[in-house]
Amino acid sequence: MSEPDRRPRLEPSWLEVLEPEFDKDYMRALRAFLVEELRRGQVFPPGPEIFNAFWLTPFEQVRVVILGQDPYHGPRQAHGLCFSVRQGTPIPPSLQNIYQELQSDLGVPPAAHGDLTAWAQQGVLLLNTVLTVRARQARSHAGQGWETFTDRVIEELNSRRSGLVFVLWGKDAGQKAAMIDSRKHLVLRSSHPSPYSAGYGFFGSRCFSRINAWLQEHGQPPIQWALPPAEA
């Protein structure tokens, strides 16, 4: 990962919305923090993939927002989409539970890989609240400024768009519900898909069918949740 640029390479529609953030004091402090972290060791995801979610799902194409926490902290896992891992990487337990609920809800068999790029390309913004992490240390970049940035993302989507679905899994994500106008958008909340909490409301939440029902009620095609086969 190279040193963070003052103006990161961001998809144009998102840059138009978010460019003022990159001149703010919190972002300057975050850049300095990341530079120091890079000098000390590995940071995930690799620099060019930190804003991957925004490139794959331009602002005007967002239909669903799934909110995660921070990136996976193991090698070859994080690539800028919450809950997603690169093809060829073992599927993490939380994503296995997501696949299990998807099969229970819509009959979609679990994919043989964990790459959720196809969801992002259909308008599912797979957004972590914190966009980077120190290798092998979960939540190590929490409280350094990313939350301010991603809160702005939620605020801009809430105010400028209508008819979106916000999917908030777990306590941390659920706290973002106060930022979202439920008169304009659908907010779906449940426990987190982690093995520690999935049995307390995530399983049986039928979030995938509820998302598609909302989209169709608002004149949009449903998300095709079945993922394409792994690349050879």
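A brief look at the structure comes next. (Residues numbered from 1 in each chain as written. Predicted model: local features only at pLDDT ≥ 70, side-chain atom pairs only at ≥ 80, totals over all residues. Heavy atoms only, no water.)

**Quick look at unusual backbone geometry**
No. 1: The amide bond that connects F44 to the next residue, P45, takes the cis arrangement and shows omega of -5°.
No. 2: Position of P45 among the secondary structure elements: in the loop between β1 (43–44) and α3 (52–56).
No. 3: Of note, F83 is a non-glycine position whose phi angle comes to about 70°, a positive value.
No. 4: Here F83 is to be found in the loop between β2 (64–68) and α4 (93–106).
No. 5: Even without being a glycine, R136 presents a positive backbone phi close to 65°.
No. 6: We classify R136 as exposed; its relative accessible area is 59%. (Helix = DSSP H or I, 4+ residues; strand = E, 2+ residues; numbered from the N terminus. Buried < 20%, exposed > 50% of the residue type's maximum accessible area, 1.4 Å probe, protein only.)

**Focus on the layout of surface pockets**
Empty space among the atoms becomes apparent when a probe as large as a water molecule is rolled across them.
No. 1: Volume-wise, the largest pocket comes out at about 540 Å³.
No. 2: Taken together, 27 residues line the largest pocket, and the ones lying closest to its centre are Q69, D70, Y72, S94 and H192.
No. 3: When residues of the lining of the largest pocket are traced back to their parent elements, those giving at least two are β2, α4 and α7 (171–174).
No. 4: Considering each element in turn, the lining of the largest pocket owes the most residues, three residues, to α7. (1 Å grid on protein atoms, 1.4 Å probe; cavity = no way out; pocket = protein on both sides within 12 Å on 5 of 7 lines; lining within 4 Å. Points joined across faces, edges and corners; volume = space filled by probe spheres on them.)

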